[in-house]
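Inside the fold
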Amino acid sequence: MAAKRVILEMGTGNDLHGGDYTKAAIRAVEDAVHHSSLTLIRTLGLDSRSMQVEVTIGVQQPEKVDAGLVKGALPHGQVTVRVVKGGLDVPDEESGDIAVIASAAVAVRLDLPKAK
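Residues numbered from 1 in each chain as written. Predicted model: local features only at pLDDT ≥ 70, side-chain atom pairs only at ≥ 80, totals over all residues. Heavy atoms only, no water.

**Description of the overall build of the protein**
When its secondary structure is counted, the protein shows three helices and five strands. When the helices and strands of the protein are listed from N to C terminus, the series reads β-α-α-β-α-β-β-β. For the C-alpha atoms alone, the extent of the protein along its principal axes is close to 65 × 20 × 20 Å. Sorting the 116 residues of the protein into buried and exposed places 29% on the buried side. Relative to all contacts within the protein whose residues are 6 or more apart in sequence, the contacts with residues 24 or more apart total 77%. A distance of 15 Å separates the average location of the 13 positive side-chain charges in the protein from that of its 15 negative side-chain charges. (Helix = DSSP H or I, 4+ residues; strand = E, 2+ residues; numbered from the N terminus. Buried < 20%, exposed > 50% of the residue type's maximum accessible area, 1.4 Å probe, protein only. Contact = heavy atoms within 4.5 Å. Lys, Arg positive; Asp, Glu negative; His and termini not counted. Charge placed at Lys NZ, Arg CZ, Asp CG, Glu CD.)

Shown next, in the form of structure tokens:
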């Protein structure tokens, strides 16, 4: 049986100084996760380690995100991270600094028991 998507949360994170794309990505994931409660896992008696957690991160320079560190920000499940072009860079011409804004979509899939 194919796992069903039961949760989809979005989040936004930023790094205001220094242009750290990974830091912005982790903050976006944390923002998304903080909007969710996985009470259905306990309610249905499921093992949280069996969750499939699919993370998509959008930033202007995807190659600058350490997907392994982003993956480590999620405490449960079998996590996959995909980084794509998106988000926003906001340059500060006076200082030469950049603010990075990352977007995250966190989807949780579960193999649900069949209803009787």
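**Quick notes on the environment of L16**
Within the secondary structure, L16 is located in the loop between strand 1 (4-15) and helix 1 (21-33). Taking the C-alpha atoms as reference points, L16 and A73, separated by 57 residues in sequence, lie 20 Å from one another.

**Description of the pairing of strand 2 (residues 52-59)**
With eight bridges connecting them, strand 2 and strand 3 (residues 78-85) associate as parallel partners. Directly across from I57, in strand 3, lies its bridge partner V83. The sheet contact formed by strand 2 and strand 5 (residues 97-110) spans seven bridges and is antiparallel. What sits directly across from T56, in strand 5, is A105. (Pairing = 2+ DSSP bridges.)

**Here we look at the layout of surface pockets**
In this structure, the largest pocket spans a volume of roughly 270 Å³. Lining the largest pocket are 17 residues, with V33, L38, M51, H76 and V108 sitting closest to its centre. Looking at the lining of the largest pocket, the elements with two or more residues in it are strand 1, helix 1, helix 2 (39-43) and strand 5. Considering only residue class, the lining of the largest pocket consists of 11 nonpolar, four polar and two charged. (1 Å grid on protein atoms, 1.4 Å probe; cavity = no way out; pocket = protein on both sides within 12 Å on 5 of 7 lines; lining within 4 Å. Points joined across faces, edges and corners; volume = space filled by probe spheres on them. Nonpolar A, V, L, I, M, F, W, Y, C, P; charged D, E, K, R; others polar.)

Read these as geometric descriptors, not functional statements.
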